[in-house]
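# Working through the structure, step by step
So you can see what is in the structure, the chains are spelled out below.
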Amino acid sequence: MRKHNNTWVISISICLFLTGCLEKEIVDDINIESVEGFDLIGENEVMGTFVVPVYQADKKIVNETFSAISQLNKDILRSAQKESSVPIVNGSLELVLFNKAMAEKGILQLVDGLQRDASIGTGLYLAIVDGETKELLEQNLGTRGTGDHLFNLLKHNIERRDVPKTNLHIFLSDYFQKGKDPNLPILKKTEDSAEIVGVAVMKEDKYEMTIPNEKLFYFKALVDKHSDGTVSFEVDDGKEEFVSIRSIKTDRKFKVKWEGDTPSIKITVSLDGAVREYTGNKVTPKELEEFQKLLEDKIISESESMIKEFQEKGVDPIGLGYQAKSRKRGFDYKKWKDETYPTLRVQVDADVRLISTGITE
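Keep in mind that what you see is a predicted model, and the values were worked out from it rather than measured. (Residues numbered from 1 in each chain as written. Predicted model: local features only at pLDDT ≥ 70, side-chain atom pairs only at ≥ 80, totals over all residues. Heavy atoms only, no water.)

Further remarks concern the overall build of the protein chain. Helix and strand content of the protein chain: eleven helices and 14 strands. Counting only residues that meet the buried cut, the protein chain has 45% of its 361 residues in that class. Residue pairs in contact within the protein chain that sit at least 24 positions apart in sequence constitute 66% of those at least 6 positions apart. For the protein chain, the exposed area adds up to about 19900 Å²; of that, 47% sits on carbon and sulfur atoms. (Helix = DSSP H or I, 4+ residues; strand = E, 2+ residues; numbered from the N terminus. Buried < 20%, exposed > 50% of the residue type's maximum accessible area, 1.4 Å probe, protein only. Contact = heavy atoms within 4.5 Å. Areas by Shrake-Rupley, 256 points an atom, 1.4 Å probe, with all protein chains shown as cover.)

Where strand β12 (residues 241–259) meets strand β13 (residues 262–278), 15 bridges bridge the pair, whose relative direction is antiparallel. Across the sheet, tryptophan 258 pairs through a bridge with proline 263, a residue of β13. From the end of β12 to the start of β13, which pair antiparallel, there are two residues, and glycine 260 there has a positive phi angle of about 70°. (Pairing = 2+ DSSP bridges.)

Let's shift gears to the packing of aromatic side chains. One pass over the structure, following the stated rule, counts ten aromatic pairs. Geometrically, the ring pair formed by phenylalanine 219 and phenylalanine 310 is edge-to-face, given 6.1 Å between the ring centres and 70° between the ring planes. Separated by 91 residues along the polypeptide, phenylalanine 219 in helix α8 (residues 216–223) and phenylalanine 310 in helix α9 (residues 285–313) bring together distant segments of the chain. Each member of the pair phenylalanine 219 and phenylalanine 310 is classed as buried. Between tryptophan 258 and phenylalanine 331 the ring centres are 6.4 Å apart and the planes differ by 85°, which places this aromatic pair in the edge-to-face class. Highlighted residues: tryptophan 258 in strand β12 and phenylalanine 331 in the loop between α10 (320–325) and α11 (333–340), separated in sequence by 73 residues. For phenylalanine 331, a relative accessible area of 18% corresponds to the buried category. Three or more aromatic residues joined by ring pairs form one cluster here, namely Trp258, Phe331, Trp336 and Tyr341. In this arrangement the basic side chain of lysine 328 is found over the ring face of tryptophan 258, its NZ or CZ atom lying 4.9 Å from the centre. (Phe/Tyr/Trp six-rings, centres within 6.5 Å; stacked < 30°, edge-to-face > 60°. Lys NZ or Arg CZ within 6 Å of the ring centre and 35° of its normal.)

Counting through the fold element by element, glycine 113 comes out in helix α4 (residues 108–115). The exposure class of glycine 113 is partly exposed, given its relative accessible area of 40%. Remark: the alpha-carbon pair of glycine 113 and aspartate 75, spanning 38 residues in sequence, is separated by 9.0 Å.

What follows deals with helix α6 (residues 146–160). If you check α6, its first and last C-alpha atoms are 21 Å apart, about what 15 residues at 1.5 Å a residue would give, namely 21 Å. Those residues of α6 not exposed but buried are Thr146, Gly147, Asp148, Leu150, Phe151, Leu153, Leu154, Asn157 and Ile158. (Expected span 1.5 Å × (residues − 1).)

Quick look at the sheet that holds strand β4 (residues 61–71) now. Reading across the sheet, the eight strands line up as β4-β3-β2-β6-β7-β8-β9-β10 and stay open at both edges, with mixed pairing between neighbours. Where the open sheet ends on each side, the last strands, each with one partner, are β4 and β10 (206–212). Here the strands of the sheet are splayed against their neighbours by 30° on average, with no regard to which way each runs. Lying over the sheet, α6 contacts β2 (35–41), β3 (45–55), β4, β6 (95–99), β7 (125–129), β8 (183–189) and β9 (194–203), oriented at roughly 65° with respect to β9. (Axes fitted to C-alpha atoms, helices over the stretch in contact; angles between N-to-C directions.)

Here the focus is the nonpolar core. Counting residues in hydrophobic clusters, the biggest one holds 65 residues, and the most contacted among them are Leu97, Leu150, Ile267, Phe310 and Leu320. Grouped together as the second largest cluster of nonpolar side chains are 28 residues, Leu40, Val46, Leu110 and Ile186 included. (Core = buried A, V, L, I, M, F, W, Y, C linked by side-chain atoms within 4.5 Å.)

As a further point, take the side chain of glutamine 292. Turning to its location among the elements, glutamine 292 is positioned in helix α9. Here the side chain of glutamine 292 touches leucine 354 through a polar contact of 2.9 Å, landing on its backbone nitrogen. Discounting chain neighbours no more than four positions away, the residues touching glutamine 292 are Val352, Arg353 and Leu354. (Polar contact = N/O pair within 3.5 Å; in protein donor to acceptor, adjacent residues only side chain to side chain.)

To continue, consider the environment of lysine 328. Mapped onto the secondary structure, lysine 328 falls in the loop between α10 and α11. By relative accessible area, lysine 328 is classed as partly exposed at 26%. C-alpha of lysine 328 to C-alpha of proline 263: the two residues are 65 residues apart in sequence and 9.6 Å apart in space. When near neighbours in sequence (up to four residues on either side) are disregarded, lysine 328 contacts Trp258, Gly260 and Asp261. Here glycine 260 takes part through its backbone oxygen, which lies 3.3 Å from a polar atom of the side chain of lysine 328.

Here the focus is the pattern of salt bridges. This structure, assessed with the given rule, holds 14 salt bridges. Across the pair glutamate 138 and lysine 134 runs a salt bridge, and its minimum N-O distance is 2.5 Å. Note that aspartate 297 and lysine 293 form a salt bridge whose closest N and O atoms lie 2.9 Å from each other. Here the residue aspartate 297 and the residue lysine 293 both occupy positions in helix α9, the gap between them amounting to four residues, near one helical turn. Under the relative-accessibility criterion, aspartate 297 is labelled partly exposed at 36%. Judged by its relative accessible area of 45%, lysine 293 is partly exposed. (Salt bridge = Lys/Arg side-chain N within 4 Å of Asp/Glu carboxyl O.)

On average, residues of the protein chain score 85 in pLDDT, and 83% of them are at 70 or above. Every residue in residues 19–28 scores below 50 in pLDDT, and together they form three contacts with partners more than four places removed in sequence or on other chains. (pLDDT = per-residue confidence, 0-100.)

Right, dumping it as structure tokens:
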């Protein structure tokens, strides 16, 4: 019995000892950053900008920014601590930005540091800035702070619009997956706010090309699934009439056919939606069928055009290499990358179903 009691005493003592060793942080005594940005300056120096929301007595939120310059392989946040009267911590970090010059050089080194930080979640958003991140982050955006405003701008467009789903986990998964390249949204500073101006397709961890906003609907249909959203297009009958399709839900299927060592891939994009608005007269069954055919043709032509551009630039954001590899034993990735992918025959098919014409149906 005495031996059993001694065991309990030792266990409690160890727990108390470990508790006393924990580093305590009081919210009022630290700066909790919400967003950080990195700008490449010169050949191999990086400026880091860190945004901390400050909650005032009248419940307004203002942003305090801290900046530091360091070498690529240095701890920039540690240098920025010298400007702050209390420690800057990143436990609530929601978004990390890189300017285009930084992305062209490669962002893996900085992203690798993020994934090794246990206080940062893998749901962290990453994005590229067309311009300087410091200029963008020095604005006071939104009513809940710049970091929260930019985070929700991306979240809204990912969940309900045409930006493909992306975060730290997805970026690293695409980067390390042979046969697939990552993509990241692009932000740009406006006169008094910020906007999404496209999506960057990366070659490994380096910026390679931009998908503009007008093509994002078709790009997302190839690389992700729409769960909501709207697409508009012109009815090609010479009357300058337009139709808008809402409640978009898409899916995609890949069919890989190998003939010896030569593959071909067929991508089928399926879409369900409803007519939201039409500038012409009442939508008849004949016109509804015409809208479906027009949208199918648009999906096919835009998708195949993008795929050809991907092949020319040697990037694969759709993951065609992964699809081919998963269906072939002894897959030679080097041969695929150097010889097969640039001339790969890819066919896109579309199946559009408009299930209603709105409340006036």
